[in-house]
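The primary structure of each chain is shown beneath.
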There are 2 protein chains.
Amino acid sequence: MLQSRLLDAAIVHFGLYGFEGASTRAIAKASETAMSSITYHFGGKEGLYLAAAEHIARQVRERLEPLRQRIEESAATATHAEAVELLLAITDRQAEVLLSPETEAWSRFIVREQQQPTEAFERIFQGALEPMIELILLLIARSRPELDPAERRAMALLLFGQPLILRIGRATVCRVLGSDDLGARESAVLRSRLRKNVLCILSENGDG
Amino acid sequence: MLQSRLLDAAIVHFGLYGFEGASTRAIAKASETAMSSITYHFGGKEGLYLAAAEHIARQVRERLEPLRQRIEESAATATHAEAVELLLAITDRQAEVLLSPETEAWSRFIVREQQQPTEAFERIFQGALEPMIELILLLIARSRPELDPAERRAMALLLFGQPLILRIGRATVCRVLGSDDLGARESAVLRSRLRKNVLCILSENGDG
DNA sequence: GTCTATACTACGATAGAC
DNA sequence: GTCTATCGTAGTATAGAC
């Protein structure tokens, strides 16, 4: 489908070169169509950009959906141990998604929007990031009810942020692990360590 | 000084718009000079880009230097508690730097290079990131000698990565904290929570 | 709906005045 | 060292054929 080919190419190009740097000619060429198709289907470069943001949000949401349903069903009645287990499931799933090659282009797009938010950030935030963070907050409220709300939010952000280096600092991760890319071995070590970190943070036996 | 004005403007523009998206005309205008000064001083757009990367690496290194010296002096003989204290000092300093407004432009530049590394990444990595991670590794080796080297590297990366959301996910952090920017109150909560997280991870009383 | 052709603007590099 | 002027290339948008 032409529109979907254009959206995929748009995410790659906007992610790599930014809104200004990307060229509608190149996006059209990668989608094997003429540049003016973009005007026709999306109204222009800006319309394509916003549609690309929504395309990303939709796909991220779809990947989260099974886990979200599972959590919404059980969060209200979960014990401390169950809440911790669900939090581990979220961060591990997040790491899995961020480690998988197909999210590379999405990530580049989202990171640009974080650094300099436009209308597109709003769509990605509300469509993908906010639901995920709300889930994390819900589970933190059950597993660490003694913390005050501001600290729970800080904790949610830091938990959510921890796996981000796997994608956003990819070049550094590879260099430090002495590997050209993150294969099964490297991924396993990173995810295992991430899991232990999350567990430590949630049980908080430090003198915190 | 003209060269330094050009470098500062270059970091801002390359960070915002990427290498292709940034315009040498705009950089020259922001530096109140003619575009051909860039050719004269840096040989062209690419030369300016690499010089900007080195400028960033140098400034990051300078900010780390006092802490680095303190750690190099004491790391070899540090007790477990001292090593943990120095690690807390590193991540807290990192958070402080990432929260400060002046690193906004650097961050945008570095993040672009992480996502799509060029020769400029090499200069930033060797000049700024690698020294910092080596310090973290040194201290982890002293505070958690029982871990095998691969896991120590994974731990160093995740510890190093945890504060990154403060800068890279700034738009999300602000939205979740319900604040337009990160003032003293928000920064204090985040840094305090970060400190507790690092402490938990290093003492590892989870079942990990 | 998708194409080609074209109008207009902005880019980087460079030559040459001072 | 810094400027202005100019060249060739590439960008977006749009009109109109089919």
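Up top is the structure.
Residues numbered from 1 in each chain as written. Chains lettered and ligands numbered in written order. Predicted model: local features only at pLDDT ≥ 70, side-chain atom pairs only at ≥ 80, totals over all residues. Heavy atoms only, no water.

Asker: Can you help me understand the protein's contact with DNA strand C in this one?
Answerer: In the neighbourhood of DNA strand C, 17 residues make up the surrounding shell, with T33(A), A34(A), H41(A), T24(B) and R25(B) lying closest. Among atoms of DNA strand C positioned within 4 Å of the protein, sugar and phosphate together represent 49%. Residue S36(A) places a side-chain N or O atom 2.9 Å away from a base nitrogen belonging to DNA strand C. In the model, a phosphate oxygen of DNA strand C is placed 3.3 Å from a nitrogen or oxygen of the S37(A) side chain. Elements with a minimum of two residues in the surface near DNA strand C: α3 (36–42) of chain A together with α2 (24–30) and α3 (36–42) of chain B. Sort the elements by how many residues they give to the surface near DNA strand C and α3(A) lands first, with four residues. Along the lines of polarity and charge, the residues of the surface near DNA strand C split into five nonpolar, nine polar and three charged. (Near = heavy atom within 4 Å. Polar contact = N/O pair within 3.5 Å; in protein donor to acceptor, adjacent residues only side chain to side chain. Helix = DSSP H or I, 4+ residues; strand = E, 2+ residues; numbered from the N terminus. Nonpolar A, V, L, I, M, F, W, Y, C, P; charged D, E, K, R; others polar.)

Asker: Just to check I follow, could you spell out the protein's contact with DNA strand D for this structure?
Answerer: Neighbouring DNA strand D are 15 residues, the closest being T24(A), R25(A), T33(B), A34(B) and H41(B). A share of 51% of the atoms of DNA strand D within 4 Å of the protein falls on sugar and phosphate groups. A distance of 3.0 Å is found between a phosphate oxygen of DNA strand D and a side-chain nitrogen or oxygen belonging to Y40(B). Where the surface near DNA strand D is concerned, the elements lending two or more residues are α2 (24–30) of chain A together with α3 of chain B. For the surface near DNA strand D, the leading source of residues is α3(B), giving four residues.

Asker: Even after reading the chapter, I still don't get the environment of I27(B), so can you show me in this structure?
Answerer: All names here are of chain B. Structurally, the position occupied by I27 is in helix α2. Measuring from C-alpha to C-alpha, the distance between I27 and A128 comes to 25 Å, with 101 residues separating the pair along the chain. Setting aside chain neighbours within four positions, we find I27 in contact with L6, A9, A10, H13, F14, I38 and L48. (Contact = heavy atoms within 4.5 Å.)

Asker: Which parts of the structure should I look at to understand the relation of the copies chain B and chain A?
Answerer: For these two chain copies, the linking operation is a rotation about an axis paired with a shift along it. Superposition of chain B onto chain A requires a rotation of 180 degrees combined with a translation of 0.0 Å along the rotation axis, giving an RMSD of 0.1 Å. In symmetry terms, the pair is related by a two-fold rotation axis. Closest approach to the rotation axis among the C-alpha atoms of chain B is made by G21(B), whose C-alpha sits 1.9 Å away. Take the interface residues of chain B: 100% of them recur as interface residues in chain A, which is what a same-surface contact looks like. (Least-squares fit on C-alpha atoms with pLDDT ≥ 70 in both.)

Asker: Explain the interface of chain B and chain A to me, please; I cannot follow it from the model alone.
Answerer: Accessible area lost upon the coming together of the parts serves often as the stated size of an interface. On the side of chain A, 57 residues touch chain B, which itself brings 57 residues to the contact. Taking both sides of the interface into account, the surface hidden between chain B and chain A amounts to around 5300 Å²; carbon and sulfur atoms contribute 64%. Three residues stand out in chain B for area buried against chain A, namely Q115(B), L158(B) and R193(B), and they jointly supply 14% of the buried area on that side. On the surface where chain B and chain A come into contact, there are six salt bridges. (Buried area = accessible area lost by both parts, 1.4 Å probe. Salt bridge = Lys/Arg side-chain N within 4 Å of Asp/Glu carboxyl O.)

Asker: So what exactly am I meant to see when it comes to the packing of helix α11 (residues 184–203) of chain A against helix α8 (residues 149–161) of chain B here?
Answerer: A pair of packed helices can be characterised by two numbers: the angle between their axes and the separation between those axes. Following both chains from N to C, one finds α11(A) and α8(B) inclined at 60 degrees, their axes separated by 9 Å at the closest point. On the basis of their axis angle, the class for α11(A) and α8(B) is oblique. Relative to α8(B), α11(A) is oriented so that their crossing is right-handed. Residue-level contacts link V189(A), L190(A), R193(A), L194(A), K196(A) and N197(A) of α11(A) to A150(B), E151(B), A154(B), M155(B), L157(B) and L158(B) of α8(B). (Axes fitted to C-alpha atoms, helices over the stretch in contact; angles between N-to-C directions. Parallel < 35°, antiparallel > 145°, perpendicular 65-115°, else oblique. Left-handed = near helix turned anticlockwise from the far one by under 90°.)

Asker: Before we go on, may I ask you to explain the packing of helix α5 (residues 80–99) of chain B against helix α7 (residues 119–143) of chain B in this structure?
Answerer: Residues and elements named next belong to chain B. Two numbers describe how α5 lies on α7: the axes approach to 8 Å, and their chain directions differ by 155 degrees. Classified by the angle their axes make, α5 and α7 are roughly antiparallel. Remark: the crossing between α5 and α7 carries left-handed chirality. Packed against α5, whose contacting residues are H80, A83, V84, L86, L87, I90 and Q94, the element α7 presents M132, L135, I136, L139, I140, R142 and S143 at the interface. Of the residues in the contact of α5 with α7, the class split is ten nonpolar, three polar and one charged.

Asker: I tried to follow the side chain of T24(A) on my own but got confused; where do I start?
Answerer: Residue and element names in this part refer to chain A. Within the secondary structure, T24 is located in helix α2. Residue classification places T24 among the buried residues on the basis of a relative accessible area of 18%. Sequence-distant contacts of T24, defined by excluding residues within four places in its chain, comprise M35, I38 and K45. (Buried < 20%, exposed > 50% of the residue type's maximum accessible area, 1.4 Å probe, protein only.)

Asker: Sorry, what's going on with α7(B) here?
Answerer: Spacing of three or four residues puts side chains on the same side of an α-helix, whose turn is 3.6 residues. Spanning 25 residues, α7(B) covers 35 Å between terminal C-alpha atoms, matching the ideal 36 Å at 1.5 Å per step. Of all the bends found along α7(B), the most pronounced is centred on F125(B) and spans about 50 degrees. (Expected span 1.5 Å × (residues − 1). Bend = angle between axes of the 7 residues up to and from the residue.)

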